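Spelled out, the chains give:
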Amino acid sequence: RACQPLAEIRTIAADTASRASRAYSEILFKRWWNPNAVFLPHAPDLDPMLEAADAALLIGDPALFALEDRDSRQQRTGEILVYHDLAEEWIALTGTPWVSAVWAIRESSIAESGPHSLDAIAADFAQSRDRGILHREALVREWSARLPIPASTIRTYLTTNIFYKLDEECLTGLRKFYALAAET
């Protein structure tokens, strides 16, 4: 909320759609901001979330909707909210990348699923990723027609916010997340 330092936030209404984002948030609060903050599971709807708690954790489309609606919300409620990007906060405080999603498969599952090798499955994932990257503009058109979000926001999300490879630097960030999550 307006001018409320993160250290003073006591309750966070947490979007129930992502346990990983909640875990990242809990790490940041416990290590840097307010270790006594309480996370309350909540459906991803900003106004009811802020009625139930001091702050709200939104992810995915609901977060994009809230960002796009911030000016009209302020006019509607008179309340000025402070918006934090969880990934930016993580990177600033840990110096490591934020890894919020990874496609993974257990080797033992491959034997159960049929004659597909790990290399063939990895190649399928890479091909799907590459096809999506090549057709980002088509995805922007498709999703801007489906969602009340401008094409420019979707384009920025797909071209700037997402890193499409799990490189060594990302693995370092993921290991940092695992280590801090185990301590929390």
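Presented here is a report on the structure given in the accompanying data block. As the structure is a prediction and not an experimental result, all values here were calculated from the model.

### Here's the deal with the overall build of the protein chain
Line of reasoning, step 1. For the protein chain, the count of helices and strands is 10 helices and 3 strands.
Line of reasoning, step 2. Looking at the protein chain as a whole, 29% of its 184 residues qualify as buried.
Line of reasoning, step 3. Across the protein chain, the fraction of contacts at a sequence separation of at least 24, relative to all contacts at a separation of at least 6, is 67%.
Line of reasoning, step 4. A total accessible area of about 11,800 Å² is found for the protein chain, and carbon and sulfur atoms account for 54% of it.
Line of reasoning, step 5. With 19 positive and 26 negative side-chain charges, the protein chain shows a separation of 1 Å between the mean positions of the two kinds.

### Some thoughts on the environment of L58
Line of reasoning, step 1. Of note, L58 is situated in the loop between β3 (55-57) and α3 (60-68).
Line of reasoning, step 2. Residue classification places L58 among the buried positions, given a relative accessible area of 17%.
Line of reasoning, step 3. Here the alpha-carbon distance between L58 and A104, two residues 46 residues apart in the chain, equals 24 Å.
Line of reasoning, step 4. L58 has contacts with D15, P44, D45, L46, M49, A63 and A66, leaving out every residue within four places of it along the chain.

### Some remarks on the environment of S108
Line of reasoning, step 1. Relative to the helices and strands, S108 resides in helix α6 (residues 107-113).
Line of reasoning, step 2. Separated by 66 residues in sequence, S108 and L174 have C-alpha atoms that sit 22 Å apart.

### Considerations on helix α9 (residues 151-161)
Line of reasoning, step 1. T153, I154 and L158 are the residues of α9 that are buried. An end-on view of α9 places all buried positions within 130 degrees of arc, on one side of the element.
Line of reasoning, step 2. Along its buried surface, α9 packs onto α3 and α8 (136-146).

### Details of the packing of aromatic side chains
Line of reasoning, step 1. Inspection of every chain in the model, using the stated rule, returns 7 aromatic pairs.
Line of reasoning, step 2. Here the aromatic rings of Y24 and W90 are separated by 4.8 Å at their centres, their planes lie at 85 degrees, and the arrangement is edge-to-face. Placement of the pair is Y24 in helix α1 (residues 19-33) and W90 in helix α5 (residues 86-94), with a sequence separation of 66 residues.
Line of reasoning, step 3. Residue class for Y24 comes out buried when judged on its relative accessible area of 1%.
Line of reasoning, step 4. With a relative accessible area of 0%, W90 lands in the buried category.
Line of reasoning, step 5. A ring pair is formed by F29 and W33, whose centres lie 5.0 Å apart and whose planes are at 85 degrees; its orientation type is edge-to-face. Pair noted here: F29 and W33 are both in helix α1, with a separation of 4 residues, about one helical turn.
Line of reasoning, step 6. Overall, the relative accessible area of 6% leaves F29 in the buried class.
Line of reasoning, step 7. A network of ring pairs unites the aromatic residues Y24, W90, W98, F177 and Y178 as a single cluster.
Line of reasoning, step 8. The residue whose ring lies beneath R31 is W32, and the NZ or CZ to ring-centre distance is 5.3 Å.
Line of reasoning, step 9. Across from the ring centre of W143, 4.4 Å away, lies the NZ or CZ of R146, which sits over that ring.

### A short note on the pattern of salt bridges
Line of reasoning, step 1. Scanning all chains against the criterion turns up 11 salt bridges.
Line of reasoning, step 2. Between D47 and R76 there is a salt bridge whose closest N-O contact spans 3.6 Å. Pair noted here: D47 is in helix α2 (residues 46-52) and R76 is in helix α4 (residues 70-77), with a separation of 29 residues, a long-range link.
Line of reasoning, step 3. Its salt-bridge partner being E168, residue R175 comes within 3.1 Å of it at the nearest N-O pair.
Line of reasoning, step 4. In this structure, a network of salt bridges that share partners links the residues D47, D69, R73, R76 and E79.

Scoring rules and cut-offs
Residues numbered from 1 in each chain as written. Predicted model: local features only at pLDDT ≥ 70, side-chain atom pairs only at ≥ 80, totals over all residues. Heavy atoms only, no water. Helix = DSSP H or I, 4+ residues; strand = E, 2+ residues; numbered from the N terminus. Buried < 20%, exposed > 50% of the residue type's maximum accessible area, 1.4 Å probe, protein only. Contact = heavy atoms within 4.5 Å. Areas by Shrake-Rupley, 256 points an atom, 1.4 Å probe, with all protein chains shown as cover. Lys, Arg positive; Asp, Glu negative; His and termini not counted. Charge placed at Lys NZ, Arg CZ, Asp CG, Glu CD. Arc of directions from axis to C-beta. Phe/Tyr/Trp six-rings, centres within 6.5 Å; stacked < 30°, edge-to-face > 60°. Lys NZ or Arg CZ within 6 Å of the ring centre and 35° of its normal. Salt bridge = Lys/Arg side-chain N within 4 Å of Asp/Glu carboxyl O.

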